[in-house]
Amino acid sequence: MFGKKIFLGAALIVFFLVFGCAQPNGGSSREVTMANDQFFPQTIQVNSGDSVIWRNNDSDTHTVTGFGVDERVSPGQTFRYTFSQGGTFEYKCTIHQGMSGTVIVSGAATP
Ligand SMILES: [Cu+2]
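This text gives an overview of the structure that appears in the document.

Reading the values: rules and limits
Residues numbered from 1 in each chain as written. Predicted model: local features only at pLDDT ≥ 70, side-chain atom pairs only at ≥ 80, totals over all residues. Heavy atoms only, no water. Donors = N, O, S within 2.8 Å, 3.2 Å for Na, K, Ca; no water. Helix = DSSP H or I, 4+ residues; strand = E, 2+ residues; numbered from the N terminus. Buried < 20%, exposed > 50% of the residue type's maximum accessible area, 1.4 Å probe, protein only. Contact = heavy atoms within 4.5 Å. Pairing = 2+ DSSP bridges. Axes fitted to C-alpha atoms, helices over the stretch in contact; angles between N-to-C directions. Core = buried A, V, L, I, M, F, W, Y, C linked by side-chain atoms within 4.5 Å.

Thoughts on the coordination of the copper ion
Protein coordination at the copper ion comes from His62 (ND1), Cys93 (SG) and His96 (ND1), with a distance range of 1.9 to 2.2 Å. Between consecutive donor residues of the copper ion, the sequence gaps follow H-x30-C-x2-H. Of the two residues, His62 sits in strand β5 (residues 62-66) while His96 sits in the loop between β8 (87-92) and β9 (100-106), which places them 34 residues apart along the sequence. No difference in accessibility class separates His62 from His96, as the two residues are buried.

What follows is the structure in structure tokens.
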């Protein structure tokens, strides 16, 4: 009984450490993986102020091209972008035909 309470307390502390301190800017971040010449998930939903991190797990270079950026991401590299405005943002890889994705950002711009 007593041990269970300590466990719950510890779990709460871990929860606040992870979700309270990990994001000093207020926004959280979501990851999009590049593998097998595809973005996964192909459509990702975030809130304004959040960041999306593209991680290239493939053996060849991909690009994140759209919403005003054109970024080459080499194998093993990442590209991080913070979406400050709401909207639907489509992007593609200019190297591989048919490799495309969408970021849906909800909410207004954050200061
Ligand atoms: Cu590609």
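Further notes follow.
A short note on the side chain of His96
The class for His96 is buried, based on a relative accessible area of 15%. Apart from residues lying up to four places away in sequence, His96 is in contact with Asp37, Asp60, Thr61 and His62.

Remarks on the sheet that holds strand β1 (residues 29-35)
The strand order across the open sheet formed by four strands is β2-β1-β4-β7, and the pairing between neighbours is mixed. Only two strands of the sheet have a single neighbouring strand rather than two, namely β2 (38-40) and β7 (78-82). Each neighbouring strand pair of the sheet contributes to a mean axis angle of 20°, computed without reference to strand direction. Relative to β7, strand β4 (residues 51-56) runs antiparallel, the two sharing five bridges. From the neighbouring strand, Val52 faces β7, where its bridge partner is Tyr81.

Overview of the nonpolar core
Phe39, Trp54, Val64, Tyr91 and Val103 are the most contacted members of the largest nonpolar core, which has 18 residues in total. Listed by contribution, the elements that provide at least two residues to this core are β1, β3 (43-47), β4, β6 (69-73) and β9.

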